[in-house]
Amino acid sequence: MHRSNCLVCLGMLGLLMVVLGVVVTVVFDPLVNSFINQELVIRNGSDMYKEWKNPPVVPHLQVYFFNVTNKEEFLAGDKPVFQEVGPYCYREHWKKVNVKFHNNGSVSYETQKFYFFERNASVGPEEDVITTLNIPMMTALSQWRFAARLAKLALSSMLEVLGTQPFVTKTVGQFMWGYDDPLLKIAKDIIPPDQRLPYEQFGFFIKKNGSTDGLLNVYTGEYDMTKYATINTYNYKNKLHYWKTDSCNKVQGSDGSSFPPEVVRDTTLYMFNENLCRSVPLTYWHNIEDFGIEGMRFSPPPDIFADVSTKPENECYCVGGPPCIGGGVFNISSCKFGSPTLVSWPHFYQADPKYREAVIGLKPNADKHAMFIDLAPRTGTPLRAQARLQINIAVPYVPEVHPAAKLREIIFPVLWFEDGVAELPGNLLELLRLSENTPPVAKLSMLLALYSIGFIIVVFVVIAFLTTHYDLPVPYFNPNFTHREGKTTKVNNTPDRKSHLTGHTNTMVSNDPENDA
């Protein structure tokens, strides 16, 4: 009876450990994620808020110019030959300004960015000279392309008087931060404000140093972590006005600095990019390991800039068409003051080969030219990110304008850049390793202990019960059997019936009957 009670108690203990293993399997991740999520919430004055307001990361902007080496031959009909010159590296410093919390669980802010040229990380100084298209002239040609003949002749005369040519040679610093252009000064008096460039100088990053990209309102995660860091409004609006439909104009996703936690392979992330004037979808590419943390690499889908014939939903971005430019090139002229600006991935990566075959000197490479973000899946924190983009100009053919008469229609690459973070600071990496690596190890250890010990106990109790119940000759499990000299012998616990049948001893019968007289 005592043995049976012990087996019952032992069996219950084993089952309890198995049940606890099931409970750990079900509730461990939600509990850990809930704890981590509470730490991620952006609260005024919290440690997370301090890191969010003044990011400890050091982003870098690297710019590569396509220097034209045969401008005269190109004007005579040859393919343009490009020499890629770069990188010209700029260290960035970001900080959030005009921060204001709201009662709906959101916070408004602007990100102020400063750029510092790093000569040691660059191929040369900002005084290096580059030859490329005269973009203010290309903008004027594009805007006058369908004007009356008289207007085109007037533009031709004006360009000749100004001595404007299709190509310009300037320093890297001038192309980056601006140079005087007489055409832009004249344009402010004759072109409507919504169709002219906003400055009297031209530069790819003019007025960007120390400026902000606009006012964002994002969710803090206080009420809903699925919306964590996602944009509610941009400049007080939740949609743009550049494209044909509300779905394409919709501002969605994050600014790229963080994403909602608990990312899985099937997750489609969105990142709002003001340079593209749209939100960019990001889909799973492959697993990675950065800084000892297993993560996932996300990248825009290959068909993001596809032709309408291939991807009909891209028709909403076809403003001013058909025909629509596609095949890996995206027209953003509607949000760039009518300038014939097209964007693509660097070196026409993932674009129609016809664009690359029209020029000489471009060699796309996924490792160098693909845009990507590496994420720690449990927290949604970027481990590494590179936003890569190429600026192209759609050169128009306007033979009535004499200085441009030798030009022909072509998608002309001008530069490409990558803007991102290559490495996180050590203290942040330690926190990410703790949140990403420790929970799976702890969970696995608990499950191995609970399941293995629990099953061993249950199996032991079952065997012991069966051997006892069915009186099986199993050593160590059945106490009625012993193991001696290689043989299993049943232990006889029955009293000697000869000497105890009548309760007394028969003196007439000896223990050796054969010798009895």
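No experiment lies behind these values; they were computed from the predicted model shown. (Residues numbered from 1 in each chain as written. Predicted model: local features only at pLDDT ≥ 70, side-chain atom pairs only at ≥ 80, totals over all residues. Heavy atoms only, no water.)

Re helix α4 (residues 135–144)
Along an α-helix, residues three or four positions apart point the same way, because every turn accommodates 3.6 residues.
Phase 1 of the analysis: Within α4, eight of the ten residues are buried, which leaves the element mostly enclosed by the surrounding structure.
Phase 2 of the analysis: Buried within α4 we find I135, P136, M137, M138, T139, A140, L141 and W144. (Buried < 20%, exposed > 50% of the residue type's maximum accessible area, 1.4 Å probe, protein only. Helix = DSSP H or I, 4+ residues; strand = E, 2+ residues; numbered from the N terminus.)

Points about the pairing of strand β14 (residues 341–344)
Phase 1 of the analysis: In β14, alternate side chains face the same way, and those of T341 and V343 on one face and L342 and S344 on the other are all buried.
Phase 2 of the analysis: Relative to β14, strand β13 (residues 330–331) is paired through two bridges, and the arrangement is antiparallel. Each residue of the ladder has a partner; that of F330, found in β14, is V343.
Phase 3 of the analysis: The pairing of β14 with strand β16 (residues 381–395) spans four bridges and is classified as antiparallel. Bridging across to β16, T341 finds its partner in I393. (Pairing = 2+ DSSP bridges.)

Description of unusual backbone geometry
Phase 1 of the analysis: Cis rather than trans, the peptide bond between G86 and P87 has omega equal to 10°.
Phase 2 of the analysis: Looking at the secondary structure, you find P87 in strand β2 (residues 82–102).
Phase 3 of the analysis: Of note, the phi angle at F291 is positive, near 60°, even though the residue is not glycine.

Focus on the packing of aromatic side chains
Phase 1 of the analysis: Enumeration over the complete set of coordinates arrives at 31 aromatic pairs.
Phase 2 of the analysis: Considering the side-chain rings of F175 and Y179, the 6.0 Å spacing of their centres and the 90° angle between planes classify their relative orientation as edge-to-face. Each member of the pair, F175 as well as Y179, is classed as buried.
Phase 3 of the analysis: Feature note: the residues F65, Y88, F175, Y179, F202 and F204 constitute an aromatic cluster, connected by ring pairs.
Phase 4 of the analysis: In this structure, K96 packs its charged tip against the face of Y109, placed 5.3 Å from the ring centre.
Phase 5 of the analysis: The ring of W94 is capped by K113, whose NZ or CZ atom sits 4.7 Å from the centre of that ring. (Phe/Tyr/Trp six-rings, centres within 6.5 Å; stacked < 30°, edge-to-face > 60°. Lys NZ or Arg CZ within 6 Å of the ring centre and 35° of its normal.)

Considerations on the pairing of strand β11 (residues 278–290)
Along any regular strand the residues' side chains alternate between the sheet's two faces.
Phase 1 of the analysis: With five bridges joining them, strand β10 (residues 269–273) and β11 adopt antiparallel strand pairing. Residue pairing across strands places L269 opposite L282, the latter belonging to β11.
Phase 2 of the analysis: Pairing of β11 with strand β12 (residues 293–299) involves seven bridges; the strand directions are antiparallel. Directly across from Y284, in β12, lies its bridge partner F298.
Phase 3 of the analysis: In this structure, the hairpin formed by β11 and β12 is closed by a connection of two residues, where F291 is found at a positive phi of approximately 60°.

A word on the packing of α4 against helix α5 (residues 149–162)
Phase 1 of the analysis: At a minimum axis separation of 10 Å, α4 and α5 run at an interaxial angle of 165°. Here α5 runs roughly antiparallel to α4, going by the angle between their axes. As α4 packs across α5, the resulting crossing turns out to be right-handed. Residue-level inspection shows M137, A140, L141 and W144 of α4 in contact with α5, the latter providing A151, K152, L155 and L159.
Phase 2 of the analysis: Looking at the contact of α4 with α5, its residues break down into seven nonpolar, no polar and one charged. (Axes fitted to C-alpha atoms, helices over the stretch in contact; angles between N-to-C directions. Parallel < 35°, antiparallel > 145°, perpendicular 65-115°, else oblique. Left-handed = near helix turned anticlockwise from the far one by under 90°. Contact = heavy atoms within 4.5 Å. Nonpolar A, V, L, I, M, F, W, Y, C, P; charged D, E, K, R; others polar.)

Thoughts on the confidence of the model for the protein
Phase 1 of the analysis: When the pLDDT values of the protein are averaged, the result is 86; 87% of them are 70 or greater.
Phase 2 of the analysis: Predicted confidence for residues 497–503 stays below pLDDT 50, and this span has zero contacts to residues more than four positions away or in other chains. (pLDDT = per-residue confidence, 0-100.)

What about the nonpolar core?
Phase 1 of the analysis: F65, L141, F204 and F412 are the most contacted members of the largest nonpolar core, which totals 85 residues.
Phase 2 of the analysis: Considering every element that reaches this core, the biggest residue donor is strand β17 (residues 410–421), with seven residues.
Phase 3 of the analysis: In this structure F412 touches V68, F74, P80, F82, L133, F167, I391, N392, I393 and V395, once residues within four positions along its chain are discounted.
Phase 4 of the analysis: V32, W52, V218 and A229 belong to the second largest nonpolar core, which has 26 residues in total. (Core = buried A, V, L, I, M, F, W, Y, C linked by side-chain atoms within 4.5 Å.)

Let's talk about the environment of F298
Phase 1 of the analysis: Among the structural elements, F298 can be located in strand β12.
Phase 2 of the analysis: Residue F298 is classed as buried on the basis of its relative accessible area of 0%.
Phase 3 of the analysis: For the pair formed by F298 and L375, sequence separation is 77 residues and the distance between their alpha carbons is 7.6 Å.
Phase 4 of the analysis: Not counting the four nearest positions on each side in its chain, F298 is found in contact with V263, V264, T267, L269, L282, T283, Y284, W285, M371, F372, I373 and L375.

Focus: the side chain of N249
Phase 1 of the analysis: Relative to the assigned elements, N249 resides in helix α8 (residues 246–249).
Phase 2 of the analysis: At 3.2 Å, the side chain of N249 and the backbone nitrogen of Y242 are in polar contact.
Phase 3 of the analysis: Once residues lying within four places of it in the same chain are set aside, the contact partners of N249 are N238, K239, L240, H241, Y242, W243 and K244. (Polar contact = N/O pair within 3.5 Å; in protein donor to acceptor, adjacent residues only side chain to side chain.)

Some details on α5
Phase 1 of the analysis: With 14 residues, α5 extends 20 Å from end C-alpha to end C-alpha; this agrees with the ideal 20 Å at 1.5 Å per step.
Phase 2 of the analysis: Listing the buried residues of α5 in full gives K152, L155, S156, M158 and L159. Burial along α5 is one-sided: seen end-on, the buried residues are contained in an arc of 165°. Residues of α5 that are exposed and point over 90 degrees away from its buried face: L150 and V161.
Phase 3 of the analysis: A positive phi of about 70° marks G163, the residue just after α5. (Expected span 1.5 Å × (residues − 1). Arc of directions from axis to C-beta.)

Looking at the pattern of salt bridges
Phase 1 of the analysis: Within this structure, the stated rule accounts for 14 salt bridges.
Phase 2 of the analysis: Notably, a salt bridge pairs D29 with K443, separated by 2.8 Å at the nearest N-O pair. Of this pair, D29 sits in helix α1 (residues 2–40) while K443 sits in helix α11 (residues 426–469), and the two are 414 residues apart along the sequence.
Phase 3 of the analysis: Overall, the relative accessible area of 25% leaves D29 in the partly exposed class. (Salt bridge = Lys/Arg side-chain N within 4 Å of Asp/Glu carboxyl O.)

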